[in-house]
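Summary of structural features
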Amino acid sequence: MKTRFAPSPTGHLHIGGVRTALFNFLLTKKDNGHFIIRIEDTDFKRNKEEFVKSIEEDLLWLKLIDEKIFSNEKKNYFYRQSERINIYKKYINFLIKKNEAYLCFCSKKCLEQEKKIYLEKNKNKSYKYSRKCLNLKKKEIKILVEKKNPYVVRLKISREKEYFFNDLIRKKIKFEGNDIEDFIILRQNGIPSYNFACVIDDHLMNITHVFRGEEHITNTAKQLVLYKIFDWKEPIFGHISIILNKEKKKISKRNDKNFYLIKELKKLGYLPSSILNYLLFLGWHSDDNEEFLSLDEMLKKFDYKNFHSRGAIFSLEKLNWYNNHYINKLKDEEFKLLAWKKISKFYKLNDNFKEKVENISLLWKKELNFFEELIEMTSFFFQKSKEEIILNSKEILLIKKIRKMLISLNDWEIENISFFLNELPEKLENSKKDIFSLLRKIITKKNKGPELAKIIFFFGKKNMMNEFYNYINHDK
């Protein structure tokens, strides 16, 4: 078994692409087969080398590939279509000689006009190219080429034929040749089209199975025509359900990209294990309804028969739920390292703060959805809040009393602070809820959070006294 993941470097890696890569990876590795990466970089106007690098980095981070794939040691596992143009042209020329393809000299303006006229006459039909260049004589073609008239190469479709394939997920899918346009296989710039290069590559690379999104079904029709013309055996196809947003519309790279691009998810502090685990269940289910699976466990349980064809809805809340689970599975040392990297970079802290920051971050481990949240959660430790808390006269009087009592607390440890706090309701003749709520509001500017004694301990006695003084002084 041999599968491939074939992204186009016209943007950063998207969750839809990762899910496709994951399914192909699982299908192959379960069978001890080969999983290859093919960069489909023939769209020279939109391709960027930075996106190739970004895709590689994200796949490595997700552990769907290893570094060897991008080295000479594993040359049979990594390809770039831009390095294979001469191979494609050889097959283009073969089709032209066999009279299975032809040169089309129609300009863009000419085609637009033809389409307009056709649709005016046939309002309920889809436009297909008229094939007028198919009828050009060899002599006419020769003259046009000699005059350097720009042209594309189109595949000649057998209109009377029927094409079908048995989809692993959607069963039998059928196409009528009459519904398929004589599509372009070579553009004016001498670069082959996606559908042509894809077929040549999948055949030469011995790809046995192709899992991809359902939006590719129309491409499969065109590719089947090529397989039949070349008399090649096509791979087994499986078209997975489309990923929808909460409005049940197809997700777009242009919308909410912070949560649809792997690059952004990584930056926000999501873990690879949670991303893969969540994406696995967008279009697939396990027999035992187990919700948390490591990559190794996925390999044991994965079965293409458990795919479903209905649209899978992406939920940020569900992704957060998964990420919270995997964050809490981290050992404290792993968690502290990730937290330190995030917080120290944002607040530009040196190593002198490392131990304090690591211990502070642990207070939020249980409730954390992603590591970026720590910046806002811990902000009161590292910068003066611009938010002003308005206190009434009763609350200010309470603070004066607490400040006076706090001065006598010399042994600044969590246990002693906790004991001190628990004594306050009786000494101040006030409810614990009111006192604790007031203290939390003054220190953190929030109504809830981790254990108050720990917050106060890390906030520090000096900062506590200053904070109290500011409110007392502000009242004057």
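Up top is the structure these notes are about.
Residues numbered from 1 in each chain as written. Predicted model: local features only at pLDDT ≥ 70, side-chain atom pairs only at ≥ 80, totals over all residues. Heavy atoms only, no water.

This paragraph deals with the overall build of the protein. Assigned secondary structure in the protein consists of 20 helices and 12 strands. A compact globule built from 476 residues should have a C-alpha radius of gyration of about 23 Å, whereas the protein, at 31 Å, is more than 25% larger. Projected onto the principal axes, the alpha-carbon positions of the protein cover approximately 105 × 50 × 45 Å. Put simply, the protein has 476 residues, and 48% of those count as buried. In the protein, the proportion of contacts linking residues at least 24 apart, taken out of those at least 6 apart, comes to 74%. In the structure as shown, the protein presents an accessible area of about 26400 Å², 48% of it carried by carbon and sulfur atoms. Between the centroid of the 94 positive side chains of the protein and the centroid of its 66 negative side chains there is a distance of 6 Å. (Helix = DSSP H or I, 4+ residues; strand = E, 2+ residues; numbered from the N terminus. Rg over C-alpha atoms; globule rule 2.2 N^0.38 Å. Buried < 20%, exposed > 50% of the residue type's maximum accessible area, 1.4 Å probe, protein only. Contact = heavy atoms within 4.5 Å. Areas by Shrake-Rupley, 256 points an atom, 1.4 Å probe, with all protein chains shown as cover. Lys, Arg positive; Asp, Glu negative; His and termini not counted. Charge placed at Lys NZ, Arg CZ, Asp CG, Glu CD.)

Two aromatic rings, taken as a pair, are described by how far apart their centres are and by the angle between their planes. Counted under the stated rule, the structure contains 33 aromatic pairs. Seen in terms of ring centroids, W364 and F381 are 6.4 Å apart; in terms of plane orientation they differ by 85 degrees. Their pairing is edge-to-face. Of the two residues, W364 sits in the loop between helix 13 (354-362) and helix 14 (373-377) while F381 sits in helix 15 (residues 379-382), which places them 17 residues apart along the sequence. For F381, a relative accessible area of 12% corresponds to the buried category. Of note, R154 hangs over the ring of Y129, and the distance from its end group to the ring centre comes to 4.0 Å. Stacked on the ring of F164, the Lys or Arg K172 has its end atom at 4.5 Å from the ring centre. (Phe/Tyr/Trp six-rings, centres within 6.5 Å; stacked < 30°, edge-to-face > 60°. Lys NZ or Arg CZ within 6 Å of the ring centre and 35° of its normal.)

On to the sheet that holds strand 8 (residues 184-186). Strand order in the open sheet made by the three strands is 4-5-8, with antiparallel pairing throughout. Edge strands, defined here as strands with exactly one partner in the open sheet, are strand 4 (101-104) and strand 8. This sheet shows a mean twist of 45 degrees between the axes of neighbouring strands, independent of strand direction. Of the strand pairs in this sheet, strand 5 (residues 152-155) and strand 8 are connected by two bridges, and their pairing is antiparallel. By the bridge assignment, V153 is partnered in strand 8 with L186. (Pairing = 2+ DSSP bridges. Axes fitted to C-alpha atoms, helices over the stretch in contact; angles between N-to-C directions.)

This next bit is on helix 17 (residues 414-428). The end-to-end C-alpha separation of helix 17 is 21 Å, in line with the 21 Å expected for 15 residues at 1.5 Å each. The largest bend in helix 17 is about 25 degrees, located at N422, with the proline P425 one to four residues further on. Restricting attention to buried positions, one finds in helix 17 the residues I417, F420, L421, L424, P425 and L428. On the buried face of helix 17, the contacting elements are helix 16 (393-406), helix 18 (432-444) and helix 19 (452-459). Remark: E429 follows helix 17 within two positions and exhibits a positive phi of approximately 50 degrees. (Expected span 1.5 Å × (residues − 1). Bend = angle between axes of the 7 residues up to and from the residue.)

Here we come to the pairing of strand 5. The alternating pattern of strand 5 places V152 and R154 on one face and V153 and L155 on the opposite face, and all of these are buried. With four bridges connecting them, strand 4 and strand 5 associate as antiparallel partners. Counted as the bridge partner of Y102 is R154 from strand 5.

Right, let's get into the nonpolar core. Counting 98 residues, the largest nonpolar core has I15, L59, L64, L280, W364, F371 and L421 as the members making the most contacts within it. Among the elements that take part in this core, helix 1 (residues 15-30) stands out by supplying eight residues, more than any other. In terms of nonpolar packing, the next biggest core, distinct from the first, is built from 39 residues, L95, Y163, F196 and I200 among them. (Core = buried A, V, L, I, M, F, W, Y, C linked by side-chain atoms within 4.5 Å.)

Here three strands make up an open sheet; going across it, the order is 1-2-3 and the pairing parallel. Lying at the two open borders of the sheet, with one neighbouring strand each, are strand 1 (2-5) and strand 3 (78-80). Sheet twist, expressed as the mean angle between neighbouring strand axes with direction ignored, is 25 degrees. Note: strand 1 against strand 2 (residues 34-39), four bridges, orientation parallel. Paired with K2 across the strands is H34, a residue of strand 2.

Moving on: the state of the cysteines. Considering all chains together, one arrives at zero disulfides under this definition. The structure places no disulfide on C106, whose sulfur is separated from the nearest cysteine sulfur, that of C133, by 3.6 Å. Among the residues examined, C106 registers a relative accessible area of 10% and is labelled buried. Given a relative accessible area of 7%, C133 falls into the buried group. (Disulfide = S-S within 2.5 Å.)

Time to look at the packing of helix 9 (residues 272-280) against helix 11 (residues 316-329). Helix 11 packs onto helix 9 with a crossing angle of 135 degrees between their chain directions and a minimal axis gap of 8 Å. Considering the angle they form, helix 9 stands oblique to helix 11. Considering only the axes of helix 9 and helix 11, their crossing is right-handed. Within the contact between the two elements, helix 9 uses S273, S274, I275, N277 and Y278 and helix 11 uses K318, L319, Y322, N323 and Y326. For the contact of helix 9 with helix 11, the per-class residue count stands at five nonpolar, four polar and one charged. (Parallel < 35°, antiparallel > 145°, perpendicular 65-115°, else oblique. Left-handed = near helix turned anticlockwise from the far one by under 90°. Nonpolar A, V, L, I, M, F, W, Y, C, P; charged D, E, K, R; others polar.)

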